Amino acid sequence: MKPSTLLRLALAGSRTDGLRVALTAVSAALGTLAILSALTVIAIPELGERIDNHRYSNALLDEPGLRGGTTLTLLLLTMPILALAGQCARLGAPARDRRLAGFRLAGATPGQATLIVVAETGLAALIGAGAGTAGYFAAHSLLDRPRADGLLPFPTDVLPSPPAIVVTVVAIPLVAALAAALLVRRVVIGPLGVFRRSRRTRPPLPWPGALILLGLVATSSVLPIFRAYEARQSVPPDFLVVTVGIGGPLCAILGVILGTGWISHASGRLLHRWGHRPSVLLAARRLTTDPWQGGRTFAALLACVIVGAGAACERGYFQIMRDLEIASMEADTGRFVFSGDNFYLATMNLVDLAIGVALVIAAGGLLVAIGEGIVSRRRAYAALVASGVPRGVLARSILWQTLVPVVPSVVLALFVGSRLASTAMGDTVENYGRSAPYVLPLGTVATYGLLAVAAVVAAVGVGLLFLRGSTAVEELRTG
Amino acid sequence: MTILRARGVVKSYGPTPALRGVSIDIAEGEIVAVTGPSGCGKSTLLHCLAGILRPDAGEVTYGEHRLDTWSERMRARLRRTEFGVLFQFGQLVPELTAAENVALPLLLAGTGRREARTAAVQWLDRLGVAELADTRPGEMSGGQQQRCATARALVTEPRVLFADEPTGALDSRTSEQLLGQLVRVVRDQRTTVVLVTHDATVAGYADREVSLRDGALDPSGLGLTAVQGRHGR
C-alpha cells in the first residue's frame, strides 16, 4: 500500500472518526505542552545546592530544592492526559470497525487494516504534538514579561535543548501509535466485521486489597526506617527509600484502580439481588458483565482523588505548622505578629490547582467513555425506546451504572490517599520548638471526594445528551 | 373491526419523501404484510402506524385514538402497553439474560420480578427456547436471539405486533420455523400483525399483502404473493 493511500484511508471516515482524530490530537497537544514545560524547568541552570537563581518570582522555579517537585508535578499531569487519549481511542469504535471490515472486504490484509488504525492515531498525535510545540513557543514568547523588580513569572529565559524538543515531538506520536497497535492486538479484523478475542469471564477477586495493604504498610514503614537508621547514626540506602517511599504509594494506587473491578462486580451483584426497577437491573447486569470497565474509565479520576486526599493531609500538616509558628511569635512578642511567610500553604494552592486541572481532564475522559458506551449500544437502546421504554429509564440505568462503583471507589481512594500521607507524617507536628497533635483534615479530604463525584455526575449529565440522538429510529433501519 | 387506520400519511426525511399519502385499514386479528422494493417506505409506514414516528401530514388512528396528535410520552406508553415491536436485529440488551430481556417490558409495567420472570420463561417455552432463559444474547444463534426478541414483543400480550423484517438476518429454514411459531402464537392470541418484508415466503404467511412503490400504494396491486401464493395458515 502506497503511503498516500494509507494516509487517505487513515483519515477517511465519518464525523465521529473526525472527532476521535481531533480529540487524539488535542490530547497529544496537551501532553506535549506538559512535557515541554517540565523540560523547561529542568533547563533552568543549577547554580549550586541550596543557591537560589533570583530570576523568578515563584520559589517553585527559583529554589533548586523545589524544582524537582515542580518537574514531577508537570510530568504527572501527563497521566490524566494519557488516560483521556486512551478513552478517545475508543470513541466511535463501532463505525471504525465497520469501516475496517469494509477495507478487508475490499482486499486489505489484516496487517494493512492494523496499519490503518496505527496510522490514524500516529498522524493525529503528530498533528497534536506539532500544535502543542507551536503553542509552547507562542506561550513562551507571550509570557516573557518581567515584573517591575526584574523577576520573571515563568522560566521564559530558558528553552529545553533542541534534541529534547525533537525527541518529545517524535516520541509522542510513536508512543500513541504503539498504544493503538497494542489496543488492536486482541481484535480480529475480518471482512465480515471486527471481533474481540474472548476476554476473561471469571469474576474479579478482591486481591487488589492485598496490594493496597502492602502499599500502606510499606509507606507507613518510611518513618520507622529513618528513625532506626538515625539511632545508628546512619542513613538508609537509596534503594530502600525508593522502594518503600515511592513503590509503596504506587502499589496502593494500583490496588485502588484494580480494585474497581471487584467493587463494580460486587455492587452489580448486590444491585441485581436487591434492585427491582428495570433501570437498576440494566445497570446491575452491565456492572457484572464488564466489571473492568470501571477500572478503565475511572483510573485517572481515582488517581487524582488519591493524590488530592494526600495533598489535603499535607495542607493540614502545613496549617498546623503555621499555627505553631504564629503561636510561637505571639508568645515571644506578647502580641499577634502577622508573617507573610506562608510559603508552604501557597505551594499547596498550586498543587490543588494542578490536581483540579487533572480532575477536569479525567472528567473529560469519563465523558468520552460514557458517550462511547451509549453510542456502541445505540441499536439495543433504539429498539427499547421503539418498544416504549422511556428514555428516562435508560438514563437512570447509565447513572446507576456509573455512580454505584464510583462512590465506594472514591471513598476507598480517599481513605488510601489520606492514610498514605498521614502515616508518612507521624502523629505529632513540630515547629518553632512547639508541638501539636496531627489532626486529619477530614473536611478538606471529603471535599476532594465530593468534587470527584460531582465531576462524574456532570460527565454523566453531559454524556446523556448523546442518548436522544443514539435512540433515534434511524438506528433501526434495515437499509 | 378496523383496529389501525392510516389516511393520506405523508413523511419525508429532509428533502427526501418516504411516504406520499398512504391510506390503509387493518382489521383486528389480521396479519398484513407490507411489501415492496428497498427504499419504498415500508419501514417508515410501520414506524408511523406504531407511533414511533409522527407523520408530517395525514392521520393515524388506533381504535378511536388519533396517534398523530399524541405526544411522544403518550405514544411510548401505548407502545409499551398495547403494541409489540420486533426488528431485524440488535434489539436484545446484550448484558441481560434471555429471561431478563423478555421480562423487561413487564418490569416496566410494574410487575414484580418473580412474576415477570415466570411469565418470561413461559413465553420462551412457547417459542421453543426455554432452555436459554439464563443465556445472554451473545451466546445464542441469530434464530435463538430472534425467538427471544419475539417473546419479548409478545410478553405483554399486545393487541398489535409490528415486525420489521423479523427474519431478514436468518437462513430460510430458521426463518420458516420462527414464522410458523409466530403465526401460531398470534392466531391463539388474536393479535393483529403488521409485517414488513421484501421476502415472498415471509409475505406468504400473511392474510393480506399491501405493496408499496416509491412511497405510495402500488396501483397494480400485484404483490410478492401474487407470484408465489400463500402458505402457513
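Residues numbered from 1 in each chain as written. Chains lettered and ligands numbered in written order. Predicted model: local features only at pLDDT ≥ 70, side-chain atom pairs only at ≥ 80, totals over all residues.

Student: Would you take a moment to explain the overall build of chain A for this structure?
Tutor: Summing up its helical and strand segments, chain A has 18 helices and four strands in all. Here chain A, with 479 residues, has 41% of them falling under the buried criterion. Sequence separation of 24 or more characterises 83% of the internal contacts of chain A that already satisfy a separation of 6 or more. (Helix = DSSP H or I, 4+ residues; strand = E, 2+ residues; numbered from the N terminus. Buried ≥ 20, exposed ≤ 12 C-beta atoms within 10 Å, placed from the backbone. Contact = placed C-beta atoms within 7 Å.)

Student: Explanation requested: the overall build of chain B in the structure shown.
Tutor: Along its length, chain B carries eight helices and 10 strands. Computed over the C-alpha atoms, the radius of gyration of chain B is 17 Å, within 12% of the 17 Å expected from 2.2 N^0.38 for a compact globule of 233 residues. When each of the 233 residues of chain B is scored for burial, the buried share is 50%. A fraction of 71% describes how many contacts in chain B between residues 6 or more apart in sequence connect residues 24 or more apart. (Rg over C-alpha atoms; globule rule 2.2 N^0.38 Å.)

Student: Can you help me understand the interface of chain B and chain A in this one?
Tutor: Size of an interface: often given as the accessible area lost when the parts come together. Every contact between the two is made by 27 residues of chain B and, on the other side, 20 residues of chain A. Elements with a minimum of two residues in the side of chain B that touches chain A: helix H1 (42-49), helix H2 (72-81) and helix H3 (98-108) of chain B. Its residues assigned to classes, the side of chain B that touches chain A shows 13 nonpolar, six polar and eight charged. (Nonpolar A, V, L, I, M, F, W, Y, C, P; charged D, E, K, R; others polar.)

Student: Can you help me understand the sheet that holds strand S4 (residues 57-62) of chain B in this one?
Tutor: Strand pairing in a sheet relies on backbone hydrogen bonds. The paired strands run either parallel or antiparallel. Residue and element names in this part refer to chain B. Spatial strand order, S2-S1-S4-S5: four strands in an open sheet with antiparallel pairing. The open sheet has two edge strands with one neighbour each: strand S2 (16-27) and strand S5 (65-66). The pairing of strand S1 (residues 2-13) with S4 spans five bridges and is classified as antiparallel. Of the residues in S4, the one forming a bridge with Ala6 is Val60. Sheet strands in contact with H1 are S1, S2 and S4, and its direction is about 125° off that of S1. (Pairing = 2+ DSSP bridges. Axes fitted to C-alpha atoms, helices over the stretch in contact; angles between N-to-C directions.)

Student: What should I look at first to understand the pairing of S1(B) in this one?
Tutor: The side chains of a regular strand alternate, residue by residue, between the two faces of the sheet. All names here are of chain B. Where S1 meets S2, nine bridges bridge the pair, whose relative direction is antiparallel. Bridged to Leu4 within S2 is Ile26. Following S1, the chain reverses through two residues before pairing antiparallel with S2; Gly14 in that reversal takes a positive phi of roughly 65°.

Student: Would you explain the packing of helix H9 (residues 208-220) of chain A against helix H11 (residues 238-274) of chain A in this entry?
Tutor: Helix-helix packing is characterised by the crossing angle of the two axes and by the distance between the axes. All names here are of chain A. The interhelical angle for the contact between H9 and H11, taken along N-to-C directions, is 160°, at an axis separation of 7 Å. Taken as axis vectors, H9 and H11 run roughly antiparallel relative to one another. Where H9 crosses over H11, the two elements pack in a sense that is left-handed. The residues of H11 that touch H9, namely those facing Pro208, Gly209, Leu211, Ile212, Leu214, Gly215, Leu216, Ala218 and Thr219, are Val244, Gly247, Gly248, Pro249, Cys251, Ala252, Leu254, Gly255, Val256, Leu258, Gly259 and Trp262. Its residues assigned to classes, the contact of H9 with H11 shows 14 nonpolar, seven polar and no charged. (Parallel < 35°, antiparallel > 145°, perpendicular 65-115°, else oblique. Left-handed = near helix turned anticlockwise from the far one by under 90°.)

Student: Where do I start with the nonpolar core in this structure?
Tutor: The nonpolar side chains of soluble globular proteins are, as a tendency, buried together. Core analysis: the largest hydrophobic core is formed by 187 residues, its most contacted members being A:Cys304, A:Val305, B:Leu124, B:Phe162 and B:Leu195. When residues in this core are grouped by element, the largest group, 16 residues, is from helix H13 (residues 292-333) of chain A. With residues near it in sequence (within four places) discarded, A:Cys304 still touches A:Pro80, A:Ile355, A:Ala358, A:Leu359, A:Ala362 and A:Ala452. (Core = buried A, V, L, I, M, F, W, Y, C linked by C-beta atoms within 7 Å.)

Student: Hey, could you run me through the environment of A:Arg227 in this one?
Tutor: All names here are of chain A. Assignment of secondary structure puts Arg227 in helix H10 (residues 222-231). In this structure Arg227 comes out as exposed when scored by C-beta crowding, with 10 C-beta atoms within 10 Å. A sequence separation of 23 residues divides Arg227 from Leu250, and the C-alpha atoms of the two residues are 23 Å apart.

Student: Would you explain the pairing of strand S9 (residues 208-213) of chain B in this entry?
Tutor: All names here are of chain B. The sheet contact formed by strand S3 (residues 31-35) and S9 spans four bridges and is parallel. Bridge pairing links Ala33 to Glu209 in S9. Looking at chain direction, S9 and strand S10 (residues 216-217) are connected through two bridges and run antiparallel. Across the sheet, residue Leu212 finds its bridge partner in S10, namely Leu217. Between S9 and S10, which pair antiparallel one after the other, the connecting turn spans two residues, and Asp214 there sits at a positive phi close to 50°.

Shape is all these values report; function is a separate question.
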